[in-house]
Amino acid sequence: MLAEEAQAINDELTAACTGGLPADSPEVMDIAERHRAHINRWFYTCDHELHRCLGDLYASDPRFAAVYDALAPGLAAYFRTAIHANARRHL
């Protein structure tokens, strides 16, 4: 269940990015929110502020960025933007 949920989130995020949806669109912010909830459900408490820090890490740390950018070029930065937009929407 955990792996399938994570894969679905990554697939939707990749499709949104490659499909040209703006990272701060409601649809992509919803994907970011599902990602935050996934972390909350399976790993540790992840509020919006912590999720924002994770988004920064995904884009700035080459190890994390490589994982996302292997799915689609620029996906790490796109995801960071979506996470930040989602956090603003909820805070």
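Predicted model, so just to flag it, every value in this text is computed and none were measured.

Considering the packing of helix H1 (residues 2-18) against helix H5 (residues 75-90)
Orientation of H1 relative to H5, taken along the N-to-C sense of each, is 100 degrees, at an axis distance of 11 Å. As far as their axial angle goes, H5 and H1 are roughly perpendicular. Here Leu13, Thr14, Ala16 and Cys17 of H1 come into contact with H5, specifically with Leu75, Tyr78 and Phe79. Of the residues contributing to the contact of H1 with H5, the split by class is 6 nonpolar, 1 polar and no charged.

Let's talk about the nonpolar core
Residues Leu13, Val28, Tyr58, Tyr68, Leu75, Tyr78 and Phe79 are the most contacted members of the largest nonpolar core, which totals 21 residues. Of all the elements in the fold, those that place two or more residues in this core are H1, helix H2 (26-42), helix H3 (48-60), helix H4 (62-71) and H5. Top contributing element to this core by residue count: H5, with 6 residues. With near-sequence residues (within four places) excluded, tyrosine 78 lies in contact with Leu13, Ala16, Cys17, Leu21, Pro22, Ala23 and Val28.

Things to note about the side chain of asparagine 86
Mapped onto the secondary structure, asparagine 86 falls in helix H5. What makes asparagine 86 buried here is its relative accessible area of 0%. Engagement of the side chain of asparagine 86 in a polar contact is seen with the side chain of arginine 89, the distance being 2.8 Å.

What about the side chain of histidine 38?
Following the sequence through the fold, histidine 38 ends up in helix H2. Judged by relative accessible area, which is 5%, histidine 38 ranks as buried. What histidine 38 contacts, discounting residues up to four positions off in sequence, is Leu2, Glu5, Ala6, Ile9 and Phe43.

Quick word on the environment of histidine 35
Within the secondary structure, histidine 35 sits in helix H2. In sequence terms histidine 35 and alanine 8 are 27 residues apart; their C-alpha atoms lie 9.9 Å from each other. Among all residues touching histidine 35, those that are not within four sequence positions of it are Ile9, His51, Tyr58, Tyr68 and Phe79.

Things to note about the packing of aromatic side chains
Counting across every chain of the model gives 4 aromatic pairs. Here the aromatic rings of tyrosine 58 and phenylalanine 64 are separated by 5.6 Å at their centres, their planes lie at 45 degrees, and the arrangement is tilted. The exposure class assigned to tyrosine 58 is buried, which follows from its relative accessible area of 8%. Using a relative accessible area of 34% as the deciding quantity, one classes phenylalanine 64 as partly exposed. Taken together, a centroid distance of 5.2 Å and an interplanar angle of 40 degrees make the contact between tyrosine 58 and tyrosine 68 tilted. With tyrosine 58 in helix H3 and tyrosine 68 in helix H4, this residue pair connects regions lying 10 residues apart in the sequence. Of the two residues, tyrosine 58 and tyrosine 68, neither departs from the other in class, the shared state being buried. Linked through ring pairs, Tyr58, Phe64, Tyr68 and Phe79 together constitute an aromatic cluster.

Conventions used here
- Residues numbered from 1 in each chain as written.
- Predicted model: local features only at pLDDT ≥ 70, side-chain atom pairs only at ≥ 80, totals over all residues.
- Heavy atoms only, no water.
- Axes fitted to C-alpha atoms, helices over the stretch in contact; angles between N-to-C directions.
- Helix = DSSP H or I, 4+ residues; strand = E, 2+ residues; numbered from the N terminus.
- Parallel < 35°, antiparallel > 145°, perpendicular 65-115°, else oblique.
- Contact = heavy atoms within 4.5 Å.
- Nonpolar A, V, L, I, M, F, W, Y, C, P; charged D, E, K, R; others polar.
- Core = buried A, V, L, I, M, F, W, Y, C linked by side-chain atoms within 4.5 Å.
- Buried < 20%, exposed > 50% of the residue type's maximum accessible area, 1.4 Å probe, protein only.
- Polar contact = N/O pair within 3.5 Å; in protein donor to acceptor, adjacent residues only side chain to side chain.
- Phe/Tyr/Trp six-rings, centres within 6.5 Å; stacked < 30°, edge-to-face > 60°.

Read these as spatial facts, not as claims about activity.
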